[in-house]
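A look at the structure
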Amino acid sequence: MKAVFLDADTLGNDVDLSPIESVTGEMVKHPRTSAEQVMERIRGFDTVLVNKVVLKREHFEACPELKTIAVVATGLNNIDQEAAKASDIKVMNVTNYGRSTVAQHTMALMLALATRLLDYDRDVRAGRWGKSPMFCLMDHPIMELEGRTLGVFGYGDLGQGVVERARAFGMNILLGARPGQPAGQVDGYPRIPMDELLPQVDVLSLHCLLTDDTRNMIGARELTMMKKDALVINTSRGGLVDEQALADALRAGTIGGAGFDVLTEEPPRSGNPLLADDIPNLIVTPHSAWASREARQRIVEITARNLSSV
């Protein structure tokens, strides 16, 4: 097996790539690869590893020796899968590596928003506590999660991890039926249509893949259906929520808060409605929910196992 890793830096420099190297026998590593460099760098290799580098039909047709693409992530949006199939190229990805870290990050966003953690921290640093006539500050309303209802769209490995942790906080659980999904009971939790779920939830957490059916699944209409103090958490994919509609709703106070780890463009070089500095009770993190060292090392080990089966 002759392999090349086009964007090895995306896994960080603190992971051990030896499990993959022991399987491939030979692996050339590039820290990053631009679109213009892809063709020259994959030529002559039968196995290509990528995280976010885009591979297209033109690459496959020009490199008949290419047999395997290993995506060191779950999403396959950067691979032209139809073209790969036409060229008899096997495409593999990594699943079930980030349950703990993504669920942890989701709960961190939820807790920070519910307790208004960042607002109170800013108040203290601005000297407002020192000037308070009382022993404490109570300027920002705090939401107690126990007894509140969590709505989850996407009850796969990550969604299940969030539900486990939310139950430990005493939350009630409702699952959302995505377009094309039947309603009913799943693991004892009700799965109900979106229009029925949204008015009931205090926190909405998204764990769906981005598809034509889920793109902008939460827009202005859906946000107006929710409680005024409800929170929206997205640690899944940018594009599931209409970002401009959410920014408008937060400014208008028609939604309580939001925590996002993903945006439609990453990195957001062209800006984004959610990056404005006048939006209240909003936390945006840089697609870092997946990135614990433990999770990244699991990606390496799962990729090695996948490649060993080729």
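Note: the structure precedes this text.
What this report covers is the structure whose coordinates are included nearby. (Residues numbered from 1 in each chain as written. Predicted model: local features only at pLDDT ≥ 70, side-chain atom pairs only at ≥ 80, totals over all residues. Heavy atoms only, no water.)

**Some words on helix H7 (residues 157–168)**
- With 12 residues, H7 ought to run about 16 Å at 1.5 Å a step, and its terminal C-alpha atoms sit 17 Å apart, in line with that.
- Listed in full, the buried residues belonging to H7 are Gly159, Gly161, Val162, Val163 and Ala166.
- Where the residues of H7 are buried, they touch helix H5 (99–115), strand E6 (149–153), strand E7 (172–177), strand E9 (189–193) and strand E10 (203–206).
- Of the residues flanking the end of H7, it is Gly170, one or two places downstream, whose phi is positive at about 80°. (Helix = DSSP H or I, 4+ residues; strand = E, 2+ residues; numbered from the N terminus. Expected span 1.5 Å × (residues − 1). Buried < 20%, exposed > 50% of the residue type's maximum accessible area, 1.4 Å probe, protein only. Contact = heavy atoms within 4.5 Å.)

**Points about a nonpolar patch on the surface**
- Together, Met134, Phe135 and Met138 give the surface a local cluster of nonpolar side chains, amounting to about 400 Å² of exposed area.
- Tracing the chain through its elements places Met134 in the loop between helix H6 (117–125) and E6. (Patch = residues over 30% accessible without salt bridge, like charges linked within 9 Å, V, L, I, M, F, W, Y side chains within 5 Å. Areas by Shrake-Rupley, 256 points an atom, 1.4 Å probe, with all protein chains shown as cover. Salt bridge = Lys/Arg side-chain N within 4 Å of Asp/Glu carboxyl O.)

**Quick look at the packing of H5 against H7**
- Relative orientation of the contacting elements H5 and H7 amounts to 55°, with a least axis distance of 8 Å. Judged by the inter-axis angle, H5 sits oblique to H7. Note that H5 runs across H7; the crossing there is right-handed. Each of Arg99, Ser100, Val102, Ala103, Gln104, Thr106 and Met107 in H5 lies in contact with H7, whose residues at this interface are Asp157, Leu158, Gln160, Gly161, Val162, Glu164, Arg165 and Ala166.
- A breakdown of the residues in the contact of H5 with H7 according to their chemical character gives six nonpolar, five polar and four charged. (Axes fitted to C-alpha atoms, helices over the stretch in contact; angles between N-to-C directions. Parallel < 35°, antiparallel > 145°, perpendicular 65-115°, else oblique. Left-handed = near helix turned anticlockwise from the far one by under 90°. Nonpolar A, V, L, I, M, F, W, Y, C, P; charged D, E, K, R; others polar.)

**So, the sheet that holds strand E2 (residues 26–29)**
- Read across the sheet, five strands follow the order E2-E1-E3-E4-E5 without closing on themselves; strand pairing throughout is parallel. Every other strand in the sheet has two partners, leaving E2 and strand E5 (90–92) as the edge strands with one partner each. Mean inter-strand twist for the sheet, computed between neighbouring axes without regard to direction, equals 20°.
- In this sheet, E5 lies alongside strand E4 (residues 68–71) in parallel orientation, the contact comprising three bridges. The residue bridging Thr68 from the neighbouring strand is Lys90, located in E5. (Pairing = 2+ DSSP bridges.)

**Considering the pattern of salt bridges**
- A full pass over the atoms with the stated rule returns 17 salt bridges.
- Between Arg251 and Asp248 there is a salt bridge; the shortest N-O distance is 3.8 Å. Here Arg251 and its partner Asp248 are both found in helix H10 (residues 243–252), three residues apart, which amounts to about one turn of the helix.
- Through salt bridges with shared partners, a single network forms among Arg99, Asp157, Glu164 and Arg165.

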